[in-house]
Amino acid sequence: MPRPLGDLEDAVMTRVWEWNRPVTVREVLEDLRQDRSIAYTTVMTVLDNLHQKGWVRRDQEGRAYRYEAISTRAAYSAALMNDAWSESDNPAAALVAFFGMMSPEQAAALRGALRVVDVPGVRVTAPEDEDEPPQR
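Cut-offs and rules
Here the residue index of a chain counts from 1 through its sequence in written order. Totals for whole chains, interfaces and linings use every residue, but because this is a predicted model, local features are given only for residues with pLDDT of at least 70 and side-chain atom pairs only at 80 or more, for both listing and counting. Side-chain figures throughout are based on the complete set of non-hydrogen atoms in the structure, without hydrogens or water. Put simply, a salt bridge is a Lys or Arg side-chain nitrogen that is within 4 Å of an Asp or Glu carboxyl oxygen. Helix and strand labels come from DSSP, where a helix needs a run of H or I of at least four residues and a strand needs a run of E of at least two; each type is numbered from the N terminus. Accessibility here uses a 1.4 Å probe with only protein chains present; expressed as a share of the type maximum, an area under 20% marks a residue as buried, one over 50% as exposed, and anything in between as partly exposed. The criterion for an aromatic pair is that two Phe, Tyr or Trp rings (for Trp, the six-membered ring) have centres within 6.5 Å, with stacked assigned to planes under 30 degrees apart, edge-to-face to planes over 60 apart and tilted to the rest. Orientation is described by axes fitted as lines to C-alpha atoms, over the contacting stretch for helices, and by angles from 0 to 180 degrees between their N-to-C directions. Should an angle fall under 35 degrees it is taken as roughly parallel, and over 145 as roughly antiparallel, whereas 65 to 115 is taken as roughly perpendicular and any remaining angle as oblique. Working rule for contacts: check all heavy atoms of both residues, and any pair within 4.5 Å makes them a contact. Residues are grouped as follows: Ala, Val, Leu, Ile, Met, Phe, Trp, Tyr, Cys and Pro are nonpolar; Asp, Glu, Lys and Arg are charged; every other residue, Gly included, is polar.

Asks: Just to check I follow, could you spell out the pattern of salt bridges for this structure?
Replies: Opposite charge on two side chains lets them pair, provided their charged atoms get close. The full count for this structure, using the stated rule, is 9 salt bridges. Linking Lys53 and Glu9 is a salt bridge whose minimum nitrogen-to-oxygen distance equals 2.5 Å. With a gap of 44 residues between them, Lys53 in the loop between helix H3 (40-52) and strand E1 (56-61) and Glu9 in helix H1 (residues 7-19) connect regions that are remote in the sequence. Looking at Lys53, the relative accessible area reads 36%, which means it is partly exposed. Residue classification places Glu9 among the buried residues on the basis of a relative accessible area of 10%. Note that Arg66 and Glu27 form a salt bridge whose closest N and O atoms lie 3.8 Å from each other. Of this pair, Arg66 sits in strand E2 (residues 64-69) while Glu27 sits in helix H2 (residues 25-32), and the two are 39 residues apart along the sequence.

As structure tokens, then:
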């Protein structure tokens, strides 16, 4: 798993992920300038670094490049969570602590995700389902 993105890398990748299309340095620069003062060469260097690290692919168009994300923000987040979890000396305790930090909305998202992946041996019930008898 690659190391986590730095603040500026994350700001650039957020735009690439949100726009979900090939982007130019100029487009990213103009959007970033709404929040901060930043040079064209800085954005160009960040996108080149992201390309070297395997986060974006690029295609030359004239004298410029268009950059496109290689994977999704969800995949990046999942890889970060997996990396943190796998480095724990007690993965079960880490999961219990993580689940204890979840908001009700996050817990509902977890239940929904577990229904989608259908983990063998794991029965997922929503709070409203708890009074229903188990289905076979």
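Once the structure has been displayed, the description carries forward.
Asks: Would you mind showing me how to read the packing of aromatic side chains here?
Replies: The description of an aromatic ring pair rests on the distance of the ring centres and on the angle between the ring planes. Counted by the stated rule, this structure contains 4 aromatic pairs. By way of ring pairs, the aromatic residues Trp17, Trp55 and Tyr76 are connected into one cluster.

Asks: Any chance you could explain the environment of Val23 here in plain terms?
Replies: Relative to the elements of secondary structure, Val23 occurs in the loop between H1 and H2. The exposure class assigned to Val23 is buried, which follows from its relative accessible area of 0%. Taking C-alpha positions, Val23 is 9.4 Å from Ala69, a pair spaced 46 residues apart along the chain.

Asks: How should the packing of H1 against H3 be read in this particular structure?
Replies: The axes of two packed helices give the description: the angle between them and the distance between them. At a minimum axis distance of 10 Å, the contact between H1 and H3 shows a crossing angle of 85°. Here H1 is positioned roughly perpendicular relative to H3, judged by the angle of their axes. Residues Leu8, Glu9, Val12 and Met13 of H1 form the contact with H3, whose own contacting residues are Thr42, Val46, Leu47 and Leu50. Of the residues contributing to the contact of H1 with H3, the split by class is 6 nonpolar, 1 polar and 1 charged.

Keep in mind these numbers describe shape, not what the thing actually does.
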